[in-house]
Every structure is written in structure tokens, then in C-alpha cells.
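# Inside the fold
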Amino acid sequence: MPSGWHFLGRFLRRGKPFLFYFDIVKCASPLVLLEFQCPTTQICVSKCPDRFMTYLTASKVPANLEYYRQFCVPEFRDVSKSPIEVLKDKECPAMLFPSTPLARRCFPAIQAKKGVIMVGNETTYDDGHGNRRNVTELLEGARKANVVLEMRQLAMKIFEDYTVSWYWIIIGLVIAMVASLIFIVLLRFLAGIMVWVMIVLVILVLGYGIFHCYVEYAQLKGEAGSDVSLTDLGFQTDLRVYLHLRQTWLAFMIILCVVEVIIILLLIFLRKRILIAIALIKEASRAVGHIMMSLLFPLCTFFLLCLCIAYWASTAVFLSTSNEAVYKVFNESACQFSGQTCSPEKFNTSNVTKLCPDAQCLFAFYGGETAYHKYLIVLQFFNVFMFFWLVNFVIALGQVTLAGAFASYYWAFKKPDDMPAFPLFSAFGRALRYHTGSLAFGSLILAIVQVIRVILEYLDHRLKAADNKFAKFLLSCLKCCFWCLEKFIKFLNRNAYIMIAVYGTNFCTSARNAFFLLMRNIIRVAVLDKVTDFLFFLGKLLIVGSVGVLAFFFFTHRIKLVEDTAPSLNYYWVPILTVIVGSYLIAHGFFSVYGMCVDTLFLCFCEDLERNDGSPERPYYMSPELSAILLKGTLEPSKNTDSQG
């Protein structure tokens, strides 16, 4: 079937600017949303039809036939052919109806009179096959065709925006990477100051966002159309329309106010715990300072994850496209051949078209009828399972490597003299040589839980049309339980990998020891783990917010110095969202190193407390600064001053 975009590009300059659908009713087919293509012949015409007419009636009057021919395919020449043969070969449409051009397409001239939908003052029409149909079918087909048009236009405009702004997006991501690196370096030397500066800047950035939303909300007061509600406007592909509504800026302002209040309240209630978390972050900064290569290690993990994604995607495509394309008979009316396989080359000469004139031989899927293809969904699930297993293994390898490097810093009696020459490479080598089985086992447990969640989502999708409320309730409970189980296993695995890096024990032993160690220090876990996570989240929020605001002012031409440099875009939110998402991933990569360092030092600190008592015979390995804060000054500095060299 020829594409409408191909015809428009080919005939626009030949005096045929409008796309005409042979049977727009077929655009209401579900295939439209799957393939973004109406399953009917489409040609370009110089003007849209302005009357009701069928080919059967037009063929009897030469003047009407001459008018009708301009809506047939260009190859149609033989007017002596019978109407049945012409319609069978799809050389001309079965009927015409009054249409109006919209976005260079011929859509039914729909009008409503006293609540009745009409086309050309008619409520019914002849479909060209001797049947009377309601014009509401034309309306439904026009709606689906319009959806295809809007989605294609949206996709094309987004693609155009990427083609003219990709290098600016890369510059924005580079700025995010540099900002993250500078932030981490400053955190190494000015941890306490940087944390409080970060907190203040986050509050100020959110405050500016609230002020900006209020200014936009106030400026739109009294403007025509600005008081339309979001529900009345509905979905619009041009998102700039929403920025002209007061309700949009009011919603943004309320959301930012809620976030601002929550952050301020958390800071008030956690102010003492923040001081403890800052001490741990300072110690983590010293560890990262001695192992600077750890900041680049996420690039290695990212590369391995890309390989896993490439493996999964190529295998999934190979499975889904294995064997040959299968075509099946599709029809609108009852037909005994419906659903049977067919050959597009021989279909027009077969008996199917004689017994079922409206039948079509369309692509169904790739595959066949063998046992292999019947169980193809099982192979796809296995491919998904392997994908989860490999991804979890790569993440586990990165975690145990970082944990091993930072543990070598903590357990060095004289820091950094007792540390290995290359702690990161040494930890990576130990992980591959001694702990591959433990990492694979821990990843396997997590992968099984994740695959079960995928199966539950698949069942939920299949049961959406069912009316069994008990089954839906049970499925929702199972989804919630397995979500919680996945979160718990991720937390347990992370700490188990730290114990593996420290002691070299197997996964089960490490997981048990880590769990009971954390339970014996549950108060410290609640105080430090979540507070440090909250502070790191504020850091990521600051970097993403700063780069996002800069991208917003740049791509909306609000920076006077580079106003002429910024590209002209269809949707400026496309590069802005891309920069924001990319900046978050970059910042998350840098802060994940700090997060793993904090978790490792904290677990080593808990283990240090249980193994040692601070006496000269069994001195603590922690630094004096860390012991002074975490032990609330109960230790004498002299007990562990010598331990630091």
C-alpha cells in the first residue's frame, strides 16, 4: 500500500496537493493504531470531491464518469471495463462523498444540525456496494485518520528538532558532566560547605520556579482563551498550547510549592542527622579522593550495560522476525476464508476474492505454524529473563568492585600508605577471579523476581477486559508484594556484595551476615542511609535543575548574548527534556559512586565497632573525625590518632 507521505512529496509540485482515501471508513480499523497507516488505497488529487456519487452510477453517465476518473489511480485508462472489475482491481473508489481539505487531506465535510451528524445534508450514504451506511462511520474513520496524521506530524517535527539541535543537546550534556565533576571535586575538599550550599541552592531554584510560574499566571489574566480548563482542551500535540493557559501555570506553581514545603520540613526535622550524614560524606570524599578512578568506573558499567541491551534487542528482533512473513485473509463481512493464510501474489486470482469481494490479504506476523513458533512467546520470556540476569550481574560486578576499593581504604591502618597501589583494579580482578559465582547467584534471585513481575504485568494486561474483580484484586496484591520483594532483595544484595568484597565469603553467608549486622545497627541505618540518600538526591536535583533552567532559557531565545545562535524549533521542550533526562543520568552516575562509598564505609564502620573497642590492643580503623561524630564524642582522640599515621 503506498504511503500518503510518499504521494504528497511526489505530487505536491504537480498540482495535486491533496491526499484522497478510497475508503476512509477503513481508517477506523485497529490496524491504524498499530501500523500508523490506513488500510486503503491513497492517491493525490487536485481537489477534493464535492458530491455523493458511486462508481456504479457514474459509469452510466459519461459526464459523471469523467468527473469520477480524477479520483481513480493514475494508471486507470480502460473505461470499458465493467464496474465490478474496476472495483475488484481497486482502480477507483467505490463511492465519493463531499469532502473538505484539512492539512492537505480530504476529510468528510461533516456538519451538525440540531445534534445530528450530517455530510452534505445527508445522514446516510451509498457505500458503492448497494448498502446504505450511516455517516457516523465516516466520522469515526476521519478521526482515526486524523490521529495518524497528528502522530506522523508530531514524529516528523520531533525528528526535525533533533536534527537541528543535537549538537546543542550534546553541549548541554557535557555541561552537566562538567558540573557534576566540579561538584564532586568540591565535595572532596569542602564537603560540609558544599552540602549546605547545595541545600540552599535547591531551595532557591525551587523558589525561582514558583516565582516564574506566578509571573506567567498573572500575565495571562484577562487574555482571550487563557481561562480554558485542561480537561476542556484535551490532548494537543503542540504542547505550547498548554503554556497559554492559566491553569497550567497554576498547576506547576502548586506542585513546586508542595515540593518546596516538603524539603524545608525534612530539613527542619533532620537537621541534627544531617550533621552526622555530612561527617560520613566527608569521609567518603576522602576515600574518593584517594581513589579518583572510581568516578570513571560507571563508564565501564554503562558500556557493559549497552552490550547487554544490544544482545537482548538483537535476540528479540531475531525471534520476532524468524522465518518468513505470514499473510492472512482479513475482511469486514462474514467470510469462510477469514483468518486463513494467503499469498499476496496469487490472492487476486484465487477463489477468495470471488466468494468474498471485500477480503484482503494483509501481513499478520513473522513466523509459521510449527511448534517452535507456537512457543515463541516462551522464548521471548526466556530472553527477557537472560536480559535481567545479565544486567543485574553487570550492576553487581560494579558494586562489588567499588565496595572492594573503598573497603581497602577503610581497613588500611595507615591511610593511604597501607592501601594497594591500584585499589580499583585490584578489586575488579578479585571480583572476576573469586566472586563470579556469588554475583551470578545474587543476580539470578533478583532476575527471577523481576521476571515474575513481568509475567504479572502481562497477565494484568490480558485480564483488563475481564469482569472478575477478585482476580484483579489478587493480581494487584501480587504485584504490590513482588514490588516490595524486589526492593528488599536489591537492598540485601547491595549490602551482601559489600560483605563479599570485605571478607570474600559466598553470597548466602555474606547476605546473612550483612542482614544481621544491619539489624543490630538498625537505628544508625535509618538515620544515615536515608539522610545521605536525601542529600545526594538534592545534589542531583540541583545539577539537573540548573542545567534544565539554562537549557530552557537558551532554547526559548531568552539569553540575549546567544539569542541568534539558538536554533528555531517546532517544540522547544524536545531538546530541553532530552537535556534534563540526560543530565539526571549523568549526575546519577557520579553520585552512585558516592552512594556506594557511603554504604561501604558505613557497613565497615558497624563491623569495626563489633570487632574492636578502641583500645591500643584493638584500635578502631575509622578516622578520628568519623569516630567523633558517629560515636558522639565518647572516644578519646588519642586512642585512634596513631591509627591514622
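Residues numbered from 1 in each chain as written. Predicted model: local features only at pLDDT ≥ 70, side-chain atom pairs only at ≥ 80, totals over all residues. Heavy atoms only, no water.

This part is about the state of the cysteines. As enumerated under the stated definition, the model contains three disulfides in all. C72 shares a disulfide with C92; S-S distance 1.9 Å. Judged by the torsion about the S-S bond (110 degrees), the C72/C92 disulfide is right-handed. One end of the pair, C72, is in the loop between helix 4 (62-69) and helix 5 (83-88); the other, C92, is in the loop between helix 5 and strand 4 (95-96), and 20 residues separate them in sequence. Among the residues examined, C92 registers a relative accessible area of 2% and is labelled buried. (Disulfide = S-S within 2.5 Å. Helix = DSSP H or I, 4+ residues; strand = E, 2+ residues; numbered from the N terminus. Buried < 20%, exposed > 50% of the residue type's maximum accessible area, 1.4 Å probe, protein only.)

Moving on: the side chain of S510. Turning to its location among the elements, S510 is positioned in helix 18 (residues 507-520). Among all residues touching S510, those that are not within four sequence positions of it are A496, M499, I500 and T505. (Contact = heavy atoms within 4.5 Å.)

By secondary structure assignment, the location of C356 is in the loop between helix 12 (352-355) and strand 13 (360-367). Exposure remark for C356: the relative accessible area of 4% places this residue in the buried category. With 25 residues separating them along the chain, C356 and N331 place their C-alpha atoms 7.9 Å apart.

Helices that pack against each other are described as a pair by the angle of their axes relative to one another and the distance between those axes. Orientation of helix 9 (residues 246-269) relative to helix 10 (residues 271-290), taken along the N-to-C sense of each, is 80 degrees, at an axis distance of 4 Å. Looking at the two axes, helix 9 sits roughly perpendicular to helix 10. From helix 9, L267, I268 and F269 reach across to helix 10, where they touch R271, R273 and I274. Residues that form the contact of helix 9 with helix 10 fall into these classes: four nonpolar, no polar and two charged. (Axes fitted to C-alpha atoms, helices over the stretch in contact; angles between N-to-C directions. Parallel < 35°, antiparallel > 145°, perpendicular 65-115°, else oblique. Nonpolar A, V, L, I, M, F, W, Y, C, P; charged D, E, K, R; others polar.)

All right, on to helix 9 then. For helix 9, spanning 24 residues, the distance from its first C-alpha to its last is 35 Å, which sits close to the expected 34 Å at 1.5 Å a residue. Here helix 9 has its buried residues at R246, T248, W249, M253, E260, I263 and L267. (Expected span 1.5 Å × (residues − 1).)

Here the focus is the packing of aromatic side chains. A full pass over the atoms with the stated rule returns 25 aromatic pairs. Measuring from centroid to centroid gives 4.8 Å for W168 and F554, while their planes differ by 50 degrees, and the two rings are tilted. Remark: F554 occurs in helix 19 (residues 522-555) and W168 occurs in helix 6 (residues 136-189); sequence separation between them is 386 residues. F554 shares its class with W168; the two are buried. Seen in terms of ring centroids, Y497 and F507 are 6.2 Å apart; in terms of plane orientation they differ by 50 degrees. Their pairing is tilted. On the criterion of sequence distance, the pair formed by Y497 in helix 17 (residues 469-503) and F507 in helix 18 is long-range, its members being 10 residues apart. Per residue, the accessibility class of Y497 equals that of F507, and both read buried. The rings of W166, Y167, W168, F554 and F555 are connected pair by pair, giving a single aromatic cluster. (Phe/Tyr/Trp six-rings, centres within 6.5 Å; stacked < 30°, edge-to-face > 60°.)

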